[in-house]
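Spelled out, the chains give:
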There are 2 protein chains.
Amino acid sequence: MTAPQHRTPEPMWNAWGTASEADPLPEHLRALLTDALGVPRRDTPSVPRDQVRIRESALPDVARASIQDAVGAEHLHTDEHTRLLHTGGKSTPDLLRRRSGDADEAPDAVVRPGTHEEVELVLRACARHRVAVIAFGGGTSVVGGVSPDRSALPVVVALDLARLDRLLELDTESGTATLQAGLRGPEAERLLRERGFTLGHFPQSFEYASIGGFAATRSSGQASAGYGRFDDMVLDLRVATPRGTIRPGRAPASAAGPDLRQLFLGSEGAFGVVTEVTVRVRPAPAETRHEAWSFPDFATGAAALRQLARTGSLPTVARLSDETETGLNLASSEVGGSAPSGGCLAVTTYEGTAEHVGARHAEVAELLRAAGGTSLGAEPADSWDRGRFHAPYLRDALLDVNTLAETLETATTWSNLDRTYRAVHGALTEALGEQGTPPLVMCHVSHIYPTGASLYFTVACARAADPVAQWQHAKRAAGDAITSVGATITHHHAVGSDHRDWMVEEVGELGLDVLRAVKETVDPEGVLNPGKLLPPK
Amino acid sequence: MTAPQHRTPEPMWNAWGTASEADPLPEHLRALLTDALGVPRRDTPSVPRDQVRIRESALPDVARASIQDAVGAEHLHTDEHTRLLHTGGKSTPDLLRRRSGDADEAPDAVVRPGTHEEVELVLRACARHRVAVIAFGGGTSVVGGVSPDRSALPVVVALDLARLDRLLELDTESGTATLQAGLRGPEAERLLRERGFTLGHFPQSFEYASIGGFAATRSSGQASAGYGRFDDMVLDLRVATPRGTIRPGRAPASAAGPDLRQLFLGSEGAFGVVTEVTVRVRPAPAETRHEAWSFPDFATGAAALRQLARTGSLPTVARLSDETETGLNLASSEVGGSAPSGGCLAVTTYEGTAEHVGARHAEVAELLRAAGGTSLGAEPADSWDRGRFHAPYLRDALLDVNTLAETLETATTWSNLDRTYRAVHGALTEALGEQGTPPLVMCHVSHIYPTGASLYFTVACARAADPVAQWQHAKRAAGDAITSVGATITHHHAVGSDHRDWMVEEVGELGLDVLRAVKETVDPEGVLNPGKLLPPK
């Protein structure tokens, strides 16, 4: 994939990304909303910044003094603006709440440690003073993962890791890099590309999300077919806890007992704060090739991807849109007249040495053709590649014009894929329809495995009077549908608060007890991101 | 790889495998021992069966009654013969002890449950009566993983899972199979091949080791480059504990918190008893192709394998012997005169559809040639393939003729591989040399990853007066060398009792506390395989 540009993140408090990148909805899409979804033509802008209600900081003086001792007074912030920028993540409900002027849950302080040791000191101070700590990387959670929860502890600080922004070590022979947790995607990638390497991790949140966040949430990038999920790339972690530091990795693979890396990956700041991650990196690709394909329908396309995964002949990116998403892609993008009029669009990318790209492309193309695909050439895939981080900006534009837009995702085995697709599609359609806001529901497969795949749903519909409640109703129906068919409640968005109540379906009561025992061991005072990951006992 | 034949295991109490497969050492190898290693020509046979000391069963009547209630009286055995066959595993010290007539550690009973529910009942009964339980699959542990340890609890039963021997479900669309834990490698493979699939998991212990054992020890097979390690193949487990059942897997991949599968994989019967494993399976290969290569030296060969792993263009098997192992292979095998006189032998295998084998072979061969390799054609690789499960029988033959033979293994990053090789090689050579028994030390790489590889050492030398102490001294030196260079104490043999004291180097004191908290949660009475995996607090 194209090496993305480095940018300095200056996130907006009420939208994705930065102000300079905000983009009003093109008129032809606005017309489509009215025509296809019956969205009443009405502007629903955010309240201005000066009308936002932000709670006052309640950080006790003794806690403040301890934290200042750890990081220095200049790295402890209690001003409203800094706290507003750390008030929750970027889910649609998060944005809707802040756009309406509600930032009452704002943390009591923002702390910016500069070293692993300072993180550990802050955690000990917070444990001593019973102050909750939310590890905060890019703040891009879409599951409530960085939202203050005061049900157990009344005072909350956001531990912003932005100062941990260095590439600590690059082992070019082993192909490993040790990156600090606060590095955002583009900065990490720039540091590696300068030295001839790539991480190959490009989730949609890439421009703002952080290395620590990728680890803490089990992120998966658009190029997961070629580079793997983030949790697959991790050789070692450095995790600070109130009880000291854990370094769970020692080799590319080991049989020395349970794999503790996999206990801290996905622990979402509830078992400790990831400060460094040692990851597998690859030589920056000498060549990149795109090819789009058309399949007669979603099932045929999915069966074709299954063939690739099963054979072990994977491109770097493999992505398949359902009929609705394909139609909308074609209506909204630059693809233009050369695209097919129906069916399902698949995008493939190949990266590596020229020889590898050539060999792998030949093998994959033959398999896709045999499975019923028709090559559309490079252009529709190039177009997807250019716009691949754009969807969150589009969501902001939709929220401005009376439209609710949100996404959710799952994964399951191949034999359960169609059933899961229908169950979730049906649940979303019904739950929103019965609120009088029949939705557009579209879906793609973007992560494939030998035994199954992810399903990523995007929903848009007219906004109801209480859009947060409107979405919560639909989300509950979709989550229940997902667990009732035996799929996982999340393939790569993590648990946070939004998926917490389905964790008993995921791992059972005894599994929850095991996770609680781990938390109790590393965080006996319960200060690490309370209310996330684990439902209350 | 050739689909191995199904065999009914009737293991020997004092040797690997069955009596019919024992094989005396060929005269030219015996001569080589004397000439090259100075092994005095002396027979050192095992004592006969009737001279073996076996402790009396001390199973209390109340515990016996409870266990019989769970499984039926006919599945509880306290006879000497059955207990002898469950007295420890198959490490060289295990065999040396039993060959000398010492089976004093024998379990007090052998229990054979027929269902998951019966396993759970037995665990509850044992917890109630404070009886230790050792999950026993193939009994092939080489790290003391199934040896009774009475330091915490005086009464021990072996829970033999042989009756759990069914393929419960095959999902041909997803490519998953649910196998019961007691299935031995060849039976599991036969059940899958009959339906057109393969697990592709062929560790050296394949002929006797079990599905549950593969999971509980993080086994890795000879075809790991193509099929992955066993822990990579697992979608779900069913684990019985004294506190109930855990099912930690729900999808091919998930972000729903920590991956609990990876906490029970490698838990060696200390966190529960694995009764079922849902694994990824592959279509049985239509074609298999072998090719051997010669490299001028071990470092050049390792760099060539590194290229394959980094490119992601892996054969199904990739294996490289060092100069000594290459020399001995050539001296001992059927390769004959066509083989090169020096350098290092590498073996590659390709499996899959004809197209995949052709494409992958072409890509790999070009990379290996560019990296300094010379093709030797198929025959040396065919020869390796035919003899690939034979080494443990060879060890028995060596033990019969005054020779100590044992193996150990590790893994590390590519940049640390040479340092690790030299450290372990040096430690073994010195520790045995200073006991007056200078060894032959040979090594191969048999598992490769983008970021590193395994190293597998085989040692042979003249046997000292106390061969168990002789090896323990060398093993201690090798383990200390491994951890001092930052490699893992075991890549695929697991921890058991033999690697337990190095676990603090692997995961640190806080990591051990986490593992102890997990054990305390699922096994509050501490009856599950006590003394293994975790060092005493």
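Residues numbered from 1 in each chain as written. Chains lettered and ligands numbered in written order. Predicted model: local features only at pLDDT ≥ 70, side-chain atom pairs only at ≥ 80, totals over all residues. Heavy atoms only, no water.

K.L.:
What should I look at first to understand the overall build of chain A in this one?
P.N.:
When its secondary structure is counted, chain A shows 18 helices and 21 strands. Since a compact globule built from 537 residues should have a radius of gyration of about 24 Å, the 23 Å found for chain A is in line with a globular shape. Dimensions along the principal axes, computed over C-alpha positions, put chain A at roughly 65 × 60 × 45 Å. For chain A, the proportion of its 537 residues judged to be buried stands at 64%. (Helix = DSSP H or I, 4+ residues; strand = E, 2+ residues; numbered from the N terminus. Rg over C-alpha atoms; globule rule 2.2 N^0.38 Å. Buried < 20%, exposed > 50% of the residue type's maximum accessible area, 1.4 Å probe, protein only.)

K.L.:
Quick question: what am I supposed to make of the sheet that holds strand β2 (residues 76–77) of chain B here?
P.N.:
Working definition: the strands of a sheet are paired by backbone hydrogen bonds and lie parallel or antiparallel to each other. Residues and elements named next belong to chain B. Ordered in space as β2-β4-β6-β5, the 4 strands form an open sheet in which the pairing is mixed. Looking at strand neighbours, the two that pair on one side only are β2 and β5 (132–136), the edges of this open sheet. Across 3 bridges, strand β4 (residues 109–111) lies against strand β6 (residues 156–160) in parallel orientation. Bridge pairing links Ala 109 to Val 157 in β6. Taken strand by strand, helix α5 (residues 116–129) contacts β4, β5 and β6, and its axis lies near 175° from that of β6. (Pairing = 2+ DSSP bridges. Contact = heavy atoms within 4.5 Å. Axes fitted to C-alpha atoms, helices over the stretch in contact; angles between N-to-C directions.)

K.L.:
So what exactly am I meant to see when it comes to the relation of the copies chain A and chain B here?
P.N.:
These two copies of the chain differ by a rotation about an axis and a displacement along the same axis. In screw terms, the move from chain A to chain B is a rotation of 180° and a rise of 0.0 Å along the axis, fitting with an RMSD of 0.0 Å. Expressed as a symmetry operation, the mapping of one chain copy onto the other fits a two-fold axis. The overlap is high: 100% of the interface residues of chain A also sit at the interface in chain B, so the same surface is used on both sides. (Least-squares fit on C-alpha atoms with pLDDT ≥ 70 in both.)

K.L.:
Where do I start with the pairing of strand β10 (residues 234–241) of chain A in this structure?
P.N.:
As a general feature of sheets, a regular strand has side chains that alternate between the two faces. Residue and element names in this part refer to chain A. Across the 8 residues of β10, 8 count as buried, placing the element largely inside the fold. Across 6 bridges, the pairing between β10 and strand β12 (residues 273–280) is antiparallel. Along β12, the bridge assignment pairs Arg 238 with Glu 276. Strand direction decides the pairing type here: β10 and strand β11 (residues 244–246), joined by 3 bridges, are antiparallel. Within the sheet, the bridge partner assigned to Val 239 lies in β11 and is Ile 246. Taken together, β10 and the strand that follows it, β11, pair antiparallel across an intervening segment of 2 residues.

K.L.:
Got a minute to help me understand the UniProt feature "binding site: FAD" (unreviewed entry) in chain A in this structure?
P.N.:
All names here are of chain A. Per the UniProt record, "binding site: FAD" (unreviewed entry) is annotated on Thr 217, Arg 218, Ser 219, Ser 220, Glu 268, Gly 269, Ala 270, Phe 271, Gly 272, Val 273 and Val 274. A relative accessible area of 0% places Ala 270 in the buried class. Discounting residues that sit within four places of it in the chain, Ala 270 has contacts with Lys 519, Asp 523, Leu 528, Asn 529 and Leu 533. Mapped onto the elements of the fold, Gly 272 is located in the loop between α10 (261–264) and β12. (UniProt positions renumbered as here; feature names shortened; annotations may be inferred.)

K.L.:
I keep staring at the sheet that holds β12 of chain A and nothing clicks. Help me out?
P.N.:
The 5 strands are arranged β7-β8-β12-β10-β11 (chain A) in an open sheet whose pairing can be described as antiparallel. Since the sheet does not close on itself, it has two edges, and those belong to β7 (167–171) and β11 of chain A, each with one partner. The mean angle between the axes of side-by-side strands here comes to 10°, regardless of whether they run parallel or antiparallel. The strands that helix α18 (residues 503–522) of chain B touches are β10 and β11 of chain A; relative to β11 of chain A, the one it contacts most, it runs at about 80°.

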